[in-house]
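Residues per chain, in single letters:
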Amino acid sequence: VNVLFAPFLPPRNATGTVIVDTDETPCDSGDSCTASSNEIVNNLAGAVVTPPFISKIFNLAEIPLGTNSTLSFTIVNSNTVALTGVGFTDTLPPGVAALGVVGVSTCGGTITTAPNFISLVSGIVPAGTSCTFSVTVTGTTPGIKNNTTGNVTSIEAGSGNQAANTLYVVAPPVISKVFSPNKVIPGGTTTVSFSITNPNNFVGLTGVGFTDSLPGGVVVATPSAWTSNCGGTATATAGSGTISLTGGGIPPSGSCTVTAKVTAPEGI
């Protein structure tokens, strides 16, 4: 009698002895269940299959609010057999939305993207290889966006690990200005102050700048008496109609100020 065993089912780590009853006498009826008692006995060597391993990375870990990054997933099969039914679900954190798959997936199966999640079902990873796919995501609210997938799974090896990564969505600086005093006689002077705030508590802002075109009839006074604690280069040329800052820097949750004196020689 030749006996063929079908492929192992999960968890593919069975060891021990398989006995095929060929004389139709049950073991619990006094049969010794050995080869000498007309049974077929075969020893099984364990065939352990390692679960798939998933990792993920944002190609841009820090993005301005309202812009995009690419989130790439890699699934590794370190076994000598293929893994099928490979899948996972990644629930995105609030303030991060998936826009769609980028390029071609090598994972097979079906990839689904929605504003708040990404999933793979029925993927296939051949023996000793890996597969990848990428999704475009956008930052809709500022903040630190910690993101962890659910466990990656397969039919042959069950559940594997989770993958974690972090996206930093950075809000732009906020500027305000005030004239003090806000009423002057023709030819008088007043001080205009620009206050710039970094609303992010996790990252400093660099390259901060602005250009302010003064209202008609208002020019930078002589002397301009400008001041700045914003770093970079502040420009307030006497007699000109603009005040500007380039290359400034503001620490996390910090603020800075640019001031200059202006005048309206003929009144406005």
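Predicted model, so just to flag it, every value in this text is computed and none were measured. (Residues numbered from 1 in each chain as written. Predicted model: local features only at pLDDT ≥ 70, side-chain atom pairs only at ≥ 80, totals over all residues. Heavy atoms only, no water.)

Draft legend 1. Focus on the pairing of strand β14 (residues 164-170). Pairing of strand β4 (residues 62-64) with β14 involves three bridges; the strand directions are parallel. The residue of β14 that forms the bridge with P64 is V170. Where strand β11 (residues 143-148) meets β14, six bridges bridge the pair, whose relative direction is antiparallel. Among the inter-strand pairings, K145 is bridged to a residue of β14, identified as L167. (Pairing = 2+ DSSP bridges. Helix = DSSP H or I, 4+ residues; strand = E, 2+ residues; numbered from the N terminus.)

Draft legend 2. Structural detail: the side chain of K145. Relative to the assigned elements, K145 resides in strand β11. Setting aside its immediate chain neighbours within four residues, K145 contacts P93, P94, G95, V96, N165, T166, L167 and V169. (Contact = heavy atoms within 4.5 Å.)

Draft legend 3. Focus on the sheet that holds strand β20 (residues 233-235). Strand order in the open sheet made by the three strands is β17-β21-β20, with antiparallel pairing throughout. Every interior strand has two partners, whereas the edge strands, β17 (205-213) and β20, have only one. Going from strand to strand, the sheet's axes swing by 10° on average, the running direction of each strand aside. (Axes fitted to C-alpha atoms, helices over the stretch in contact; angles between N-to-C directions.)

Draft legend 4. Spatial organisation of the nonpolar core. Of all hydrophobic cores here, the largest spans 26 residues; its most connected members are I75, F88, I118 and F133. Going through the elements one at a time, β3 (53-58), β5 (68-76), β6 (83-91), β7 (96-102), β9 (117-125), β10 (130-139) and β14 are the ones with two or more residues in this core. At four residues, β10 tops the list of elements feeding residues into this core. Here F133 is in contact with L71, S72, F73, F88, S105, C107, I111, I118 and L120, once residues within four sequence places are set aside. (Core = buried A, V, L, I, M, F, W, Y, C linked by side-chain atoms within 4.5 Å. Buried < 20%, exposed > 50% of the residue type's maximum accessible area, 1.4 Å probe, protein only.)

Draft legend 5. Examining unusual backbone geometry more closely. Looking along the chain, the bond that leaves S180 and enters P181 is cis, with omega of 0°. Along the chain, P181 falls in the loop between β15 (174-180) and β16 (189-197). Backbone torsion omega between T222 and P223 reads -5°, so that peptide bond is classified as cis. Topologically, P223 is positioned in the loop between β18 (219-220) and β19 (227-228). The backbone phi angle of S122 is positive, close to 60°, even though this residue is not glycine. Note that S122 resides in strand β9. With phi around 60°, S253 is a residue other than glycine that occupies positive phi space. With respect to the helices and strands, S253 occurs in the loop between β21 (242-250) and β22 (255-263).

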